[in-house]
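Understanding the architecture of this molecule
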2 protein chains.
Amino acid sequence: MRTTARQRGDGTGNTIIEITMEPSDSLAAMTRRKSTPPTLSEVARRAGVGTTTVSRVINGGHRVSPETLERVQGAIEALGYVPNQAARILKGYRTRTVGLIIPSIADPFFSECAEAIQAVARANDSLLIVTTTQNDPRAEIDNINVLMEHRADGLIIAPANSNSQMLRQVVSTLGVPVVAIDRPIAQSAVLAVVANNFRGAALATQHLIDHGYKRILCLTGESTLYTIRERIMGYSRTMEAAGLEVLLDTSVKDYRSAEHAIESFLSAGDSPAAIFTLKNSTTIYVFESLQKFNVAIPGSVALLGYDDFELASTVRPSISVVEQPIEEIARVAAEALFGDLLEDRSTGRRSSKPGQMTLDVRLVPRSSCGCSPRRPEAAGTDAVWNGDKRDGLKGRGGRRS
Amino acid sequence: MRTTARQRGDGTGNTIIEITMEPSDSLAAMTRRKSTPPTLSEVARRAGVGTTTVSRVINGGHRVSPETLERVQGAIEALGYVPNQAARILKGYRTRTVGLIIPSIADPFFSECAEAIQAVARANDSLLIVTTTQNDPRAEIDNINVLMEHRADGLIIAPANSNSQMLRQVVSTLGVPVVAIDRPIAQSAVLAVVANNFRGAALATQHLIDHGYKRILCLTGESTLYTIRERIMGYSRTMEAAGLEVLLDTSVKDYRSAEHAIESFLSAGDSPAAIFTLKNSTTIYVFESLQKFNVAIPGSVALLGYDDFELASTVRPSISVVEQPIEEIARVAAEALFGDLLEDRSTGRRSSKPGQMTLDVRLVPRSSCGCSPRRPEAAGTDAVWNGDKRDGLKGRGGRRS
DNA sequence: CCGGCTGGTGGTATCGTTTCCATGGATGCC
DNA sequence: GGCATCCATGGAAACGATACCACCAGCCGG
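Residues numbered from 1 in each chain as written. Chains lettered and ligands numbered in written order. Predicted model: local features only at pLDDT ≥ 70, side-chain atom pairs only at ≥ 80, totals over all residues.

1. A short note on the overall build of chain A
- Within chain A one finds 14 helices and 13 strands.
- Of all 401 residues assigned to chain A, the portion counted as buried reaches 44%.
- For chain A, contacts bridging at least 24 residues in sequence account for 69% of all contacts bridging at least 6. (Helix = DSSP H or I, 4+ residues; strand = E, 2+ residues; numbered from the N terminus. Buried ≥ 20, exposed ≤ 12 C-beta atoms within 10 Å, placed from the backbone. Contact = placed C-beta atoms within 7 Å.)

2. A short note on the sheet that holds strand 12 (residues 362-364) of chain A
All names here are of chain A.
- Here six strands make up an open sheet; going across it, the order is 7-6-8-9-10-12 and the pairing mixed. Looking at which strands have only one partner, the edges of the open sheet turn out to be strand 7 (247-249) and strand 12. For this sheet, the mean angle separating the axes of adjacent strands, direction not counted, is 20 degrees.
- Strand contacts of helix 9 (residues 197-210): strand 6 (216-219), strand 8 (273-277), strand 9 (301-306), strand 10 (320-323) and strand 12, with the helix running at about 165 degrees to strand 9, the strand carrying the most contacts. (Pairing = 2+ DSSP bridges. Axes fitted to C-alpha atoms, helices over the stretch in contact; angles between N-to-C directions.)

3. A closer look at the relation of the copies chain B and chain A
- Superposing chain B onto chain A takes a rotation of 180 degrees combined with a translation of 0.1 Å along the rotation axis, leaving an RMSD of 0.1 Å. With respect to symmetry, the two chain copies, as superposed, fit the operation of a two-fold axis. Relative to the rotation axis, the C-alpha of Ala 86 of chain B is the closest in chain B, positioned 2.3 Å from it.
- Interface overlap between copies: 93% of the residues of chain B at the interface are likewise at the interface in chain A, consistent with a symmetric, same-surface contact. (Least-squares fit on C-alpha atoms with pLDDT ≥ 70 in both.)

4. Some points on the protein's contact with DNA strand C
- In the region of DNA strand C, 27 residues are neighbours, and Leu 40 and Ala 87 of chain A together with Val 49, Gly 50 and Thr 53 of chain B sit closest.
- Partitioned by chemical class, the residues of the surface near DNA strand C number eight nonpolar, 15 polar and four charged. (Near = placed C-beta within 6 Å. Nonpolar A, V, L, I, M, F, W, Y, C, P; charged D, E, K, R; others polar.)

5. Structural notes on the interface of chain B and chain A
- Each side of the interface is counted separately: chain B has 55 residues, and chain A has 56 residues.
- Here the element with the most residues in the side of chain B that touches chain A is helix 6 (residues 108-123) of chain B; it accounts for six residues.
- Its residues placed into classes, the side of chain B that touches chain A shows 23 nonpolar, 20 polar and twelve charged.

6. Let's talk about helix 9 of chain A
All names here are of chain A.
- The first and last C-alpha atoms of helix 9 sit 20 Å apart over 14 residues, in line with the 20 Å expected at 1.5 Å per residue.
- Residues of helix 9 that are buried: Asn 197, Phe 198, Gly 200, Ala 201, Ala 202, Ala 204, Thr 205, His 207 and Leu 208.
- Within two residues after helix 9, Gly 212 carries a phi angle of roughly 105 degrees, on the positive side. (Expected span 1.5 Å × (residues − 1).)

7. A word on the environment of Ser 367 of chain A
- Here Ser 367 of chain A lies in the loop between strand 12 and strand 13 (399-400).
- Each C-alpha atom of the pair Ser 367 of chain A and Ser 313 of chain A lies 9.3 Å from the other, and the pair is 54 residues apart in sequence.

8. Some details on the environment of Leu 266 of chain B
All names here are of chain B.
- Residue placement: Leu 266 occurs in helix 11 (residues 255-267).
- Under the C-beta neighbour-count criterion, Leu 266 is labelled partly exposed, with 17 such atoms within 10 Å.
- Leu 266 sits 16 residues away from Thr 282 along the chain, and the two C-alpha atoms are 17 Å apart.

9. Digging into the pairing of strand 8 of chain A
All names here are of chain A.
- The element strand 8 is extensively covered by neighbouring structure, given that five of its five residues are classed as buried.
- Side chains Ala 273, Ile 275 and Thr 277 project from strand 8 onto one buried face, and the interleaved Ala 274 and Phe 276 project onto a second face that is buried too.
- Direction of pairing for strand 6 relative to strand 8: parallel, over a ladder of four bridges. Directly across from Cys 218, in strand 8, lies its bridge partner Phe 276.

10. Remarks on the packing of helix 11 of chain B against helix 12 (residues 280-292) of chain B
All names here are of chain B.
- Orientation of helix 11 relative to helix 12, taken along the N-to-C sense of each, is 60 degrees, at an axis distance of 9 Å. Looking at the two axes, helix 11 sits oblique to helix 12. You can see that helix 11 and helix 12 cross each other, and the crossing is right-handed. Residues Tyr 255, Ala 258, Glu 259 and Ile 262 of helix 11 lie in contact with helix 12, whose contacting residues are Tyr 285, Val 286, Glu 288, Ser 289 and Leu 290.
- Of the residues belonging to the contact of helix 11 with helix 12, the class tally is six nonpolar, one polar and two charged. (Parallel < 35°, antiparallel > 145°, perpendicular 65-115°, else oblique. Left-handed = near helix turned anticlockwise from the far one by under 90°.)

11. A look at the sheet that holds strand 8 (residues 273-277) of chain B
Residue and element names in this part refer to chain B.
- The six strands are arranged 7-6-8-9-10-12 in an open sheet whose pairing can be described as mixed. Each end of this open sheet is capped by a strand with a single partner; those strands are strand 7 (247-249) and strand 12 (362-364). Pairwise comparison of adjacent strand axes, ignoring direction, gives a mean angle of 20 degrees for this sheet.
- Here strand 8 runs beside strand 9 (residues 301-306); their pairing, made up of four bridges, is parallel. Of the residues in strand 9, the one forming a bridge with Phe 276 is Leu 304.
- Helix 9 (residues 197-210) contacts strand 6 (216-219), strand 8, strand 9, strand 10 (320-323) and strand 12 of the sheet and is inclined by roughly 165 degrees relative to strand 9.
- Sheet contacts for helix 10 (residues 226-241): strand 6, strand 7, strand 8 and strand 9; angle to strand 6, the most-contacted strand, approximately 165 degrees.

12. A look at the packing of helix 9 of chain B against helix 10 of chain B
Residue and element names in this part refer to chain B.
- One way to put it is that helix 9 packs onto helix 10 with a least axis distance of 7 Å and a crossing angle of 40 degrees. The pairing of helix 9 with helix 10 is recorded here as oblique in orientation. Crossing hand, helix 9 versus helix 10: right-handed. Contact residues: Asn 197, Phe 198, Arg 199, Gly 200, Ala 201, Ala 202, Thr 205 and Gln 206 in helix 9; Thr 227, Glu 230, Arg 231, Met 233, Gly 234, Tyr 235, Arg 237, Thr 238 and Met 239 in helix 10.
- Here the residues of the contact of helix 9 with helix 10 sort into six nonpolar, seven polar and four charged.

13. As for the pairing of strand 1 (residues 97-102) of chain A
All names here are of chain A.
- Most of strand 1 sits inside the fold, with six of its six residues counted as buried.
- Side chains of strand 1 alternate between two faces, with Thr 97, Gly 99 and Ile 101 and Val 98, Leu 100 and Ile 102 buried alike.
- In terms of strand pairing, strand 1 meets strand 2 (residues 127-132) through six bridges, oriented parallel. Across the sheet, residue Ile 101 finds its bridge partner in strand 2, namely Thr 131.
- This β-α-β element, strand 1 to helix 6 (residues 108-123) to strand 2, shows right-handed connectivity. (Right-handed = clockwise from strand over helix to strand, strands pointing away.)

If you want it as structure tokens, here you go:
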């Protein structure tokens, strides 16, 4: 209790600022913390009331007389009492915890998702627990188990593999609402909130066709992922519809393979031609390689990428891309989940509405496809044609299919 | 239990819409899930054993006869039993949960931290709960409370404000080990794992001086953050030591202010000159603005940034930067925390070793400062002078101060 | 042949909180 | 003035898993 009050000068008019700054305050902490944190009954004893009353104070303080309330709050303060969630959860049937399972936290796409979902969770005063799978289906199942052990009220999953039979089965017997993001869980009843990958690729391809390009090469380093497969379809169908040749290479996974693909593409036909890349990393490899070969962009080869990223708007020439409504996907999924949880409470139903929400993507034309973008500072008023993503309008509703 | 009852047109049954949406396997789930998950005693009853035996099976199955073991495991499987962590935690003393409090999940620096810390947590089979503050000190305290309610075994915090009195006091009475990353908690006993910001800036400044530049402008949009202050010191001291004029502008927070700062810098003296930026975002603003003004880099103005990022190695010219050992900071902090937790168990001590681990940074010279980098594919053997970050050697030990 | 041991098992108190029920006083209504 | 309310409050039974202790076989060495 020795607060080491330092009174200099006249003693009254000073700053009482750092009264508790003393390192010796830990002795207070020491006496306070035997070894285990204070419990509700200790608070009750100190305040001279029953445990029920303390419980009521913690949960809003209704039906407690003002003086009792104050006394209990004093005891809570003095003891540094913090309610034990484990005990709370054990009693009630909601844990106010939801789980998010994603391939990686370091991936900008998913970290933006996590941020948005966390915001929704907080608004529903729930805790979000994020776990990562590194796209390993076994880790995914493990993560589901961990979250079930913690009795998460619901789960949001970006499936490592859309077709995993294992995942489908596990999810179907979970007993809590599940929502999938970015990629659906095939043949299952769980709601999936995804971007319209097919349309994104179709938009991009058509845009290049409208620019007059006949030879349009589609590059990616991946062809098993649901999103990529959809994009490949969007590209292929559009090319076919225009009577153009489908030129697809799914082996571009590093600089070397990018250079190789570009070399054979350039030597096989005339300029101008265009390249449509389906992934951030592929876009970077291709852009770099084109620069290395001194190929004029878009003069000799136009370039259009998928998924917006900081780099795309900063490099010269700036890269046109298809932008996904990442934050919207996450938010819509989280809101659907919490909607379910509320409904669940009243009706007793336990599984999410089936179906799929497909959210629209938009084309962000910049220099690399032949369009001339505005300067980043010049905030455009037209959401679709604005070259800078930072003030793009989101929040358009998706459609239900 | 035969649901699938589709009653259409009888006049009343209008909106029982999708009750029977489930394919068929969910009927197993239906019978299984009354409404609440199965408990250990239900498993015991079904297996015809006591609860103790089931508990033993769950925790490794020692001292259980093979046939009993099999029977219990069968019951667990059949019921889809998952242990309830809340009950476990309530009983035991460790929760196997640690908290990470960071400004933002979407910030690449912190998402990389989170990824690395999660890996260490997993290795110590603990769960990591990540919460974000958006650099709001109030949210920070809230987050600490939430994590304490969940009885986290320990906390890793990237403080919103290194000098927060509130934070210092709260942390000192927590009763669990705390480790700070990226920024220390001033005047407190908690271990801080940080990068050597002073030396990073000094290295960068000296490098520019060695290139022969006399006019070196230091730009940032922030000057209150601990890391930035340290960097400013590193720059200033080095300039002073070389007898050069300190040129500092801390107001570059967007493209407009970047352009303004550059214009006055260019009109105030002769080329060649150099610019040293202290933050990613500032680097981007400055790079863009220089491009807009058609200023040759590094011909007329050299550029050197802080903190490596994908963009820096991709743009032309590639940007030289000071690289921080992000993953190492996170890993070292996490290992220190778990080391503490283990030690804690045996000795009963509760607070982390005080002090500071300062990890070395390294200079990554690329084109923008006048060095000529190698191609990304050409993996260098010299860690310090290798232009590409992807195969840089990390893991050098830090020093204790 | 018997005390101590060990391997397999079950009963039950306990963790900290919520919640149902009970109590006792003070009204309010007819 | 009796009785139904209502408010403030406390007692005690859950919630699900763990761990201490007890118990019962066998079994071995003295």
